[in-house]
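Residues per chain, in single letters:
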Amino acid sequence: LLQSQESPRSWMKDVTRLPPGDHANLRPVKLEYTLSWNNKINAGEFEISVTRRGTTNSKFIGNAKGRSTGFVRVIWPYHFRARSIIDEKSLRPITFQLTEQERNEQSSYDIIFDKRKQLYSTTSKKKDENERTATSRFKFDFGQDALSSAFYLRTQPLNNGDELNMVVTPFNKPYLANFRVIGKESRKVKGKNYKTIKLAAQVGKINTDLSLKHYDKIKTTTLWIADDEYRLPLELQTEISLGFVSARLVDSEWLE
């Protein structure tokens, strides 16, 4: 488990560096999800599509887009677009791009992954203000973006009690994500029954001095993925300081 103010040496040695497992194959697919707040209020929707490009040194191309909906959109108008390019053989990320639009501000993040570091470029602009740009880097040789981490996780054996640790950058700062398999169960998601693998997750914030601090804004997180050949993410539940947020798969479509 993640410990508050953990030293760099202790958490870095525990990052999972296994090669992709037996579930590395994934057909091109489009997935649609809904977000809800406290299981009562519709909060948003997003979709993810995964395709392939090339035959030699082929790549997975992941595109995602989403927005807030309903009452939540009235108080927090938000939408995003993201694109990830992942090496199909190693499942290592190559580039990640994200653009977010809130009520009065737009931000974009560009990440380049190489063998020893991640390079970040951030651009943001508030209404009636000049655009701001910043660059930074994080020296680490096994980083993930938001999509490549899901690709990598689903390929592993995921036997009961297994743990995986990944350094994940969803925006322009890295976090340490710990996933622990806590069992298998049957679960109904949006009226459909699935055999699932259930995982508990914890997130640690990596400080500039490389020490690790527990991310207090997220209290508990549970993830269910399909226990089949393709292991698609089915449901995510997160308890945060302001309530309970869940994402559930509502539709899937094989593209080939």
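Keep in mind that what you see is a predicted model, and the values were worked out from it rather than measured. (Residues numbered from 1 in each chain as written. Predicted model: local features only at pLDDT ≥ 70, side-chain atom pairs only at ≥ 80, totals over all residues. Heavy atoms only, no water.)

1. Considerations on the pattern of salt bridges
So, step 1. Considering all chains together, one arrives at 14 salt bridges under this definition.
So, step 2. Residue Arg 132 pairs with Glu 105 through a salt bridge whose shortest N-O separation is 3.6 Å. Placement of Arg 132 in strand β8 (residues 132-138) and of Glu 105 in strand β6 (residues 105-113) is noted, with a sequence separation of 27 residues between them.
So, step 3. For Glu 105, a relative accessible area of 22% corresponds to the partly exposed category.
So, step 4. The shortest N-O distance in the salt bridge between Asp 114 and Lys 117 comes to 3.1 Å.
So, step 5. The partly exposed category is assigned to Asp 114, whose relative accessible area is 35%.
So, step 6. Counted as one network, the salt bridges with shared partners bring together Glu 185, Arg 187, Lys 198, Glu 235 and Arg 248. (Salt bridge = Lys/Arg side-chain N within 4 Å of Asp/Glu carboxyl O. Helix = DSSP H or I, 4+ residues; strand = E, 2+ residues; numbered from the N terminus. Buried < 20%, exposed > 50% of the residue type's maximum accessible area, 1.4 Å probe, protein only.)

2. A short note on the environment of Phe 244
So, step 1. Tracing the backbone shows Phe 244 in strand β16 (residues 243-254).
So, step 2. Owing to a relative accessible area of 22%, Phe 244 belongs among the partly exposed residues under this scheme.
So, step 3. For the pair formed by Phe 244 and Tyr 78, sequence separation is 166 residues and the distance between their alpha carbons is 19 Å.
So, step 4. If we skip the residues at most four places from it in the chain, Phe 244 touches Ser 36, Trp 37, Asn 38, Asn 39, Gln 237, Thr 238 and Glu 239. (Contact = heavy atoms within 4.5 Å.)

3. Side note on the packing of aromatic side chains
So, step 1. A full pass over the atoms with the stated rule returns nine aromatic pairs.
So, step 2. Ring geometry for Phe 142 versus Tyr 152: centroids 6.3 Å apart, planes at 75°, classification edge-to-face. With a gap of 10 residues between them, Phe 142 in the loop between β8 and β9 (143-145) and Tyr 152 in helix α3 (residues 146-155) connect regions that are remote in the sequence.
So, step 3. Judged by relative accessible area, which is 15%, Phe 142 ranks as buried.
So, step 4. Here Tyr 152 falls in the buried class, since its relative accessible area comes to 1%.
So, step 5. Aromatic ring contacts, followed pair by pair, group Trp 11, Phe 138 and Phe 140 into a single cluster.
So, step 6. One Lys or Arg, Arg 27, reaches over the ring of Trp 254 and ends 4.3 Å from the middle of that ring.
So, step 7. The ring centre of Phe 142 lies 3.9 Å from the NZ or CZ of Arg 92, which sits over that ring. (Phe/Tyr/Trp six-rings, centres within 6.5 Å; stacked < 30°, edge-to-face > 60°. Lys NZ or Arg CZ within 6 Å of the ring centre and 35° of its normal.)

4. Considering the pairing of strand β3 (residues 59-68)
So, step 1. Among the 10 residues of β3, seven are classified as buried, and the element is accordingly described as predominantly covered.
So, step 2. Pairing analysis gives 10 bridges linking strand β2 (residues 41-53) to β3, with the strands arranged antiparallel. Bridging across to β3, Val 50 finds its partner in Gly 62.
So, step 3. Pairing geometry for β3 and strand β4 (residues 79-87), over nine bridges, is antiparallel. By the bridge assignment, Phe 60 is partnered in β4 with Ile 86. (Pairing = 2+ DSSP bridges.)

5. Digging into α3
So, step 1. Most of α3 is tucked away: eight of the 10 residues are buried.
So, step 2. Regarding α3, the residues found buried are Leu 147, Ser 148, Ser 149, Phe 151, Tyr 152, Leu 153, Arg 154 and Thr 155.

6. Remarks on a positive patch on the surface
So, step 1. Taken together, the side chains of Lys 173, Lys 205, Lys 213 and Lys 217 define a basic patch exposed on the protein surface.
So, step 2. Inspection of the secondary structure puts Lys 213 in strand β13 (residues 212-214). (Patch = residues over 30% accessible without salt bridge, like charges linked within 9 Å, V, L, I, M, F, W, Y side chains within 5 Å. Areas by Shrake-Rupley, 256 points an atom, 1.4 Å probe, with all protein chains shown as cover. Lys, Arg positive; Asp, Glu negative; His and termini not counted. Charge placed at Lys NZ, Arg CZ, Asp CG, Glu CD.)

Nothing here speaks to function; it is geometry throughout.
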